[in-house]
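So you can see what is in the structure, the chains are spelled out below.
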Amino acid sequence: MSDDRWTEGPEVSSNKAAPMAGAPGDDAETLRERQRLAQLEMMDHWIGGVLTEQRRTRRWKLFFRLMLLTVVLATLFTSLYSVFWDTSGTAVPAQRHLGIVEVNGVIASDAPANAERIIKGLNRAWDSESAAAVVLHINSPGGSPVQSQRIYAEIMRLREQGDKPIIAVIEDLGASGAYYIAAAADEIFASPASLVGSIGVIYAGFGFEEAIENIGVERRVLTAGDNKAFLDPFQPLDGDAEVFWQGVLTQTHHQFMADVRAGRGEQLSDSPEIFSGLIWNGEQSVELGLVDQLGSLEQVARAKVGDTHWEDYTPSLDPFERLTRRFTQVVAEVLGVRSSSTPLRF
């Protein structure tokens, strides 16, 4: 056995302090050494914890500083882009062309296909002297009734001036709110396999009242106003509330039908199925008067300007806005959340 008093007796653990009590027969000096060793171990663990916490704090500070730097650089890039590189709508080509405005994706206030952006593009193309026609290039399933109505109203306002034709060209899909917009155009073109129509209004929800009862959850809702929570998914759908909400849907549907009739005029068929919410392909749509002719964007360009030349007048999306919107979409997909600015959809 070694005579070294530092290793005499049980080995001191590196994970916990050594015992304060000495072994039988230890003299006073050995006991004091053991106590001092235990204190040193405790001090070592305490210092280690402090250092670990400091390193963690420094890492978080570095992370937030990098995030702040990223935001500042993105904002700076956006400003420089808008000043030096974003020339959309500023350079007007001399050659006669089609003035294209893209209506792509869901029509909503928080989507690229929002009323403000599309209306701005419409007016840019309309004011361009070398644009032979304004073309709404549509590939959309529809969306917000309000956004669709705003775009429809602006097209009708421009159409009444009569300076140049406004044409809607439907690609894969021109349904619901997207057809609402197209109906305001002077002419509508679609491919034979394009999907057109779906003239209706929809509200969709779920009822969870039995689910929360089964898992023992008590729903607590306080309102000021008897009908403030009339569409609460955790309460049974009241008969009067259902009748009221159906009235809202029906009246909005009548607005949709009236505007389609006003836009399409005598071209529209008398078939009652047109306003039933059904959707048709391009060939069927011509027969029903929903579409004037079968044709592509290239064919329209050749007919109007004699060449496949067009310019995109749709305002460019802010790069930082695109980044944040994409980030929001990814987060929503991960969380399984579907955002909507309105409970009604065309």
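Reading guide: rules and limits
- Residue positions are counted from 1 within each chain, in the order its sequence is given.
- Where totals are concerned, whole chains, interfaces and linings use all residues; where local detail is concerned, this predicted model gives features only for residues with pLDDT of at least 70, and gives and counts side-chain atom pairs only at 80 or more.
- Heavy atoms throughout the structure, all of them, feed into the side-chain values; hydrogens and water do not.
- Salt bridge, as used here: a side-chain nitrogen of Lys or Arg that lies within 4 Å of a carboxyl oxygen of Asp or Glu.
- In this description a helix means any DSSP run of H or I spanning at least four residues, a strand means any run of E spanning at least two, and both kinds are numbered starting from the N terminus.
- Burial status follows relative accessibility: with a 1.4 Å probe on protein chains alone, a residue under 20% of its type maximum counts as buried, one over 50% as exposed, and anything between as partly exposed.
- Per-residue confidence from the predictor is reported as pLDDT, a score between 0 and 100.
- Any two residues whose heavy atoms approach within 4.5 Å are treated as being in contact.
- With a 1 Å grid laid over protein atoms only, a set of points is called a cavity when a 1.4 Å probe fits there but cannot get out and a pocket when it is open yet has protein on both sides within 12 Å along at least five of seven lines; lining residues have an atom within 4 Å of a point.
- Grid points are joined across faces, edges and corners, and a volume is the space filled by probe spheres set on the points.
- Under this grouping Gly is polar, as are all residues other than the nonpolar Ala, Val, Leu, Ile, Met, Phe, Trp, Tyr, Cys and Pro and the charged Asp, Glu, Lys and Arg.

**Student:** I tried to follow the pattern of salt bridges on my own but got confused; where do I start?
**Tutor:** Counting across every chain of the model gives 7 salt bridges. Among the ionic pairs, arginine 56 bridges to glutamate 53, the shortest N-O distance being 2.7 Å. Linking arginine 56 with glutamate 53, this pair stays in helix 1 (residues 28-85), spanning 3 residues, or about one helical turn. For arginine 56, a relative accessible area of 35% puts it in the partly exposed group. Given a relative accessible area of 42%, glutamate 53 falls into the partly exposed group. With a shortest N-O distance of 3.0 Å, arginine 264 and aspartate 292 are connected by a salt bridge. Residue arginine 264 is located in helix 6 (residues 239-264), and its partner aspartate 292 is located in the loop between helix 7 (282-288) and strand 7 (293-294); the two are separated by 28 residues in the primary sequence. Among the residues examined, arginine 264 registers a relative accessible area of 1% and is labelled buried.

**Student:** What is the right way to read the confidence of the model for the protein chain from this model?
**Tutor:** Atomic detail in the predicted coordinates should be set aside for any region of low pLDDT. Scored by pLDDT, the protein chain comes out at a mean of 83, with 80% of its residues at no less than 70. Scored below 50 in pLDDT, residues 1-20 makes 22 contacts in the model with residues more than four places away or belonging to other chains.

**Student:** Help me understand the layout of surface pockets, please; the structure alone is not making it clear to me.
**Tutor:** A volume near 560 Å³ is recorded for the second largest pocket. Around the second largest pocket, the lining is made up of 26 residues, and of these Tyr203, Phe230, Leu231, Asp232 and Leu237 lie nearest the centre. With 7 residues, helix 6 is the single largest residue contributor to the lining of the second largest pocket. Each residue belonging to the lining of the second largest pocket can be placed in one class, and the counts come to 13 nonpolar, 6 polar and 7 charged.

**Student:** How do you make sense of unusual backbone geometry when you look at a structure like this?
**Tutor:** A positive phi is found at serine 176, a non-glycine position, where the angle reads about 55°. By the secondary structure assignment, serine 176 is in the loop between strand 3 (166-175) and helix 4 (177-182). A positive phi angle, near 60°, is found at serine 198, a position not held by glycine. Note on placement: serine 198 falls in the loop between strand 5 (195-197) and helix 5 (209-214).

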